[in-house]
Amino acid sequence: MAQWEKLQNLDSPFQDLLHQLYTNSLLPVDIRQYLAVWIEDQNWQEAAMGNDDSKANMLFFHFLDQLSYEIGRCSQDPECLLLQHNLRKFYRDIQAFPQGPTQLAAMIFNLLLEEKRILIQAQRAQLEQGEPALEAPVESQQQHEIESRILELRAMMEKLVKSISQLKDQQDVFCFRYNIHMSVRTPSLDPHQTRQQQLLQETLNELDKRRKEVLDTSKALLGRLTTLIDLLLPQLEEWKVQQQKACIGAPLDGGLELTQLEKWFTNGAKLLFHLRQLLKELKELSRMVSYQDDPLTKGVDLREAQVTELLQRLLHRAFVVETQPCMPQTPHRPLILRTGSKFSVQTRLLVRLQEGNESLTAEVSIDRNPPQSQGFRKFNIWTSSQKTLTPEKGQSQGLIWDFGYLTLVEQRSGGSGKGSNKGLLGVTEELHIISITVKYTYQGLKQELTTDTLPVVIISNMNQLSIAWASVLWFNLLSTNPQNQQFFSSPPKAPWSLLGPALSWQFFSYVGRGLDRDQLSMLKDKLFGKNCRNESALLSWADFTKRESPPGKLPFWTWLDKILDLVHDHLKDLWKDGRIMGFVSRSQERRLLKKTISGTFLLRFSETSEGGITCSWVEHQDDDKVLICSVQPFTKEVLQSLPLTKIIRHYQLLTEENIPENPLRFLYPRIPRDEAFGCYYEDKDNLQERRKYLKHKLIVVSNRHVDELQQPLEPNLEPEVESSGLYPELAPGPELGLEPLMEAGLDLGPPLEPTQSLPKPNLGPELTLDPILEPISQLLPEPEPELPHDLRYLNTEEMEIFRNTTEIEEIMPNGDPLLADQNTVDEAHVFHPSHFYTDGPLIPSDY
């Protein structure tokens, strides 16, 4: 809905505000309504507040063309006589504007802002009354105030310029009359001379009055400018806080953009520099004509000092680090630098004003004021530390210095020949600050501007990346002083109310989905214990990164970061789509699964392994016992060769009768397996390849024992080869498994579907039942059955693959092979897996 249409639907009190607005406006309300769509489609803000007048000029002439077109249309309709008259009148009026295009743009932009304010007031009134709110533009009241203040200051500046122009005319009149009076020497009793002297005194009094008025106007303007700066600086600080949180993964919540701040700061600086020039003109007028108690003698110097101080304050705060230091190989983890590796940093001066012939050079340094602590490492910028910005680039892209190829090198310690760190802080707890300095000159004002980055951690090996990121996270989450390089000499404790969301940010920024309440609850229990229900519970830095959790296992952060890498490299889609429950304790897992039907499973991260994910499912026994089975966690080494979706799809568990079956039927709470994971399957059938070759694939097989009712299972990765026969040298041996295949780099080719039905494997003698399940470790030799007397002397060497495993009827269950002219396409989809498995007891899973 257009803004004007919303205004027409307002209640009468707000309609009255709208009528009052256009009663005092040069834009007739009927023209506003008739051209509503065209007016609201134009960018009046850029035209009114831009750095030059080109946009305003363009819109001005487009507006004239639009008015001419509408006048021509109305001339053909007698009923539009009144509208045609108003269009013609407004067409003449805007061409008579003193400021022309800029005045028109400012007028319409201000009207649109006031309309938005009326809409916001109506929206708030409806919310208070509990009625549905109008679809009004969402805009901060403070931002609206800044834009209104800038327009008001421009109007005041125009008024001051006009007053100074009148003051100059008044001073010229006084100088002329004074020179005439001084050139004519007549007796003092001459009435004409007396009249001229009185007229000169009146002119001086008027001049003095105008000087005081101009000085008061400049004082009021300076006060309003000070208020504007006081409004802008908190907005900049809010942006810096937002940038700091974004560095550690916080989502951008539609906050203020730096380009908008640049427009505001530039407009504020323009007004201050303009006022500074006007004060210099007043100073020159005071030098030309001065008299006793001249208000300009002391007043101008005071105002000029105040303007200069305000400009210095604005310029120093306007020089910011737009992009914090970051290495190209780790864009998701800024503020971590490695010695000898390239990194980039980008700065921007929000005051986009540059002399037409003045190049600006910025220089980078590190640790200008290093802490005086023992063993604190020192570094040098190895590559070029300077960047020059020409006026051409400054006008086209802004005052931006982009250092894209910086490198750090550690200073050599005295006598040792290489850098060393023997201080109280570890390498990953040392904080260093990079500074950028630029010498800025504009309209005679020279300032050396300096800005600092957030503290960075400098490492020498990528193995330190994880713990270095923990330092960056802890500092930017808890530090109240962004320049505190001694933060880790006594690091504060983190409340869960801050730490919990920060942990969720890590997953949101790196793998696309944060942590929900249940997942955060599990992490909180892991850190503080299950009995802690206090949201303000505090965690120390040592407990976060160094204390083993649980004892004898990994520290919390190391464990969590390994999981983060695992999800990013192998499970990103599953995680984003919510297929992985992830952070759930074993006790919670049992509570969830025991209430579901048999075959329901969930995916959770191992609490003890380095970056592992396991699959747990439930089975309800005939005696009403509930069995929770967990597979040994899959790590990145496994998932590099066998995706988790393929493992779930083809997972096989040997039952008591040694019949393979997939126990994973429903993803928790009750989503059919293939419905939950079907979109991730990667089967691609090639008929030509399928006629030439038989498929082979890697699957996960676990063995079941009778006494497993109280024990979970662990898997053994085995290759599944679909074939009616194998060469003797490919027969499965005791070491056959996934890892030998991975080490050998075996190219298994594209997966193909088998052509035969499932044979019943001959598993040999009945397995001995053990009360404890242990991992499948090796193939146990089976006793060779005695051959009939008439077959004892047959050469069975070439038939080794079939012995004790397969009968000839199982190889050809459908009789003789197909003839050459028979069609094989219709039978190509018949699944015929052949499972290579190993016997042996399985131990309970602690994962």
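See the structure printed just above.
The text that follows walks through the structure, step by step, so that each part is easy to find. (Residues numbered from 1 in each chain as written. Predicted model: local features only at pLDDT ≥ 70, side-chain atom pairs only at ≥ 80, totals over all residues. Heavy atoms only, no water.)

## Looking at the overall build of the protein
- A count of helical and extended segments in the protein gives 26 helices and 21 strands.
- Burial analysis of the protein (847 residues in total) assigns 45% to the buried set.
- The long-range share in the protein, meaning contacts at least 24 apart out of those at least 6 apart in sequence, stands at 73%.
- Here the protein displays about 44200 Å² of accessible surface, and carbon together with sulfur accounts for 49% of that area. (Helix = DSSP H or I, 4+ residues; strand = E, 2+ residues; numbered from the N terminus. Buried < 20%, exposed > 50% of the residue type's maximum accessible area, 1.4 Å probe, protein only. Contact = heavy atoms within 4.5 Å. Areas by Shrake-Rupley, 256 points an atom, 1.4 Å probe, with all protein chains shown as cover.)

## Overview of unusual backbone geometry
- Put simply, Y668 and P669 share a cis peptide bond, and its omega is 5°.
- Tracing the sequence through the fold places P669 in the loop between strand 18 (666-667) and strand 19 (671-672).
- Positive phi outside glycine occurs at L335, with the angle close to 70°.
- Here L335 lies in the loop between strand 1 (319-326) and strand 2 (336-338).
- Non-glycine residue D367 carries a positive phi angle of around 55°.
- Among the secondary structure elements, D367 is positioned in the loop between strand 4 (360-366) and strand 5 (379-381).
- Accessibility expressed as a relative area gives 11% for D367, which makes it buried.

## Describing the pattern of salt bridges
- If you walk through the whole model with that rule in mind, you get 27 salt bridges.
- Between R149 and E145 there is a salt bridge, and its shortest N-O distance comes to 3.5 Å. Of this pair, R149 and E145 both sit in helix 9 (residues 141-183), four residues apart, which is roughly one turn of the helix.
- Under the relative-accessibility criterion, R149 is labelled buried at 9%.
- With relative accessibility at 33%, the residue E145 sits in the partly exposed group.
- A salt bridge links E589 to R604; its shortest N-O distance comes to 2.5 Å. In this pair, E589 sits in helix 20 (residues 586-593) while R604 sits in strand 13 (residues 600-605), placing the two residues 15 residues apart along the sequence. Each member of the pair E589 and R604 is classed as buried.
- Via salt bridges that share partners, E145, R149, E152 and R224 belong to a single interconnected network. (Salt bridge = Lys/Arg side-chain N within 4 Å of Asp/Glu carboxyl O.)

## Remarks on the state of the cysteines
- Scanning the model with the defined rule gives zero disulfides in all.
- For C326, which is in no disulfide, the shortest distance to another cysteine sulfur is to C247 and amounts to 8.7 Å.
- Just so you know, C615 is unpaired, no disulfide at all, and the nearest cysteine sulfur is the one on C629, 10.0 Å from it. (Disulfide = S-S within 2.5 Å.)

## Quick word on the nonpolar core
- By size, the foremost hydrophobic cluster in this structure holds 201 residues, and its most contacted members are F544 and F583.
- Counting residues per element, this core draws most heavily on helix 10 (residues 191-247), at 16 residues.
- If we ignore the near neighbours within four places in the chain, the residues touching F583 are F507, L515, D518, Q519, M522, L523, W559, L560, I563, W575 and F605.
- Core analysis: the next-biggest nonpolar cluster, separate from the first, contains six residues, L592, L593, L602 and I628 among them. (Core = buried A, V, L, I, M, F, W, Y, C linked by side-chain atoms within 4.5 Å.)

## Examining a positive patch on the surface
- Residues K530, R586, R590, R591, K594 and K595 make up a contiguous surface patch of positive charge.
- Summarising the element assignment, R590 is placed in helix 20. (Patch = residues over 30% accessible without salt bridge, like charges linked within 9 Å, V, L, I, M, F, W, Y side chains within 5 Å. Lys, Arg positive; Asp, Glu negative; His and termini not counted. Charge placed at Lys NZ, Arg CZ, Asp CG, Glu CD.)

## Things to note about the sheet that holds strand 13
- Strands sit in the order 15-14-13-18-19 across an open sheet of five strands; the sheet is mixed. The sheet is open, and its two edges are formed by strand 15 (626-630) and strand 19, each paired on a single side.
- Here two bridges tie strand 18 to strand 19, and the two strands are oriented antiparallel to one another. Paired with F666 across the strands is P672, a residue of strand 19.
- Packing against the sheet, helix 20 makes contact with strand 13, strand 14 (613-620) and strand 15, and its axis sits at approximately 165° to strand 13. (Pairing = 2+ DSSP bridges. Axes fitted to C-alpha atoms, helices over the stretch in contact; angles between N-to-C directions.)

## Describing helix 6 (residues 54-74)
- With 21 residues, helix 6 should cover 30 Å at 1.5 Å per step; its first-to-last C-alpha distance of 30 Å lies within 8% of that length.
- Turning to helix 6, its buried residues are A56, L59, F60, F63, L64, Q66, L67, E70, I71 and C74. Angular distribution of buried residues about the axis of helix 6 spans 165°; they occupy a single face of the element. Along helix 6, exposed side chains directed more than 90 degrees from the buried face belong to F61, D65 and Y69. (Expected span 1.5 Å × (residues − 1). Arc of directions from axis to C-beta.)

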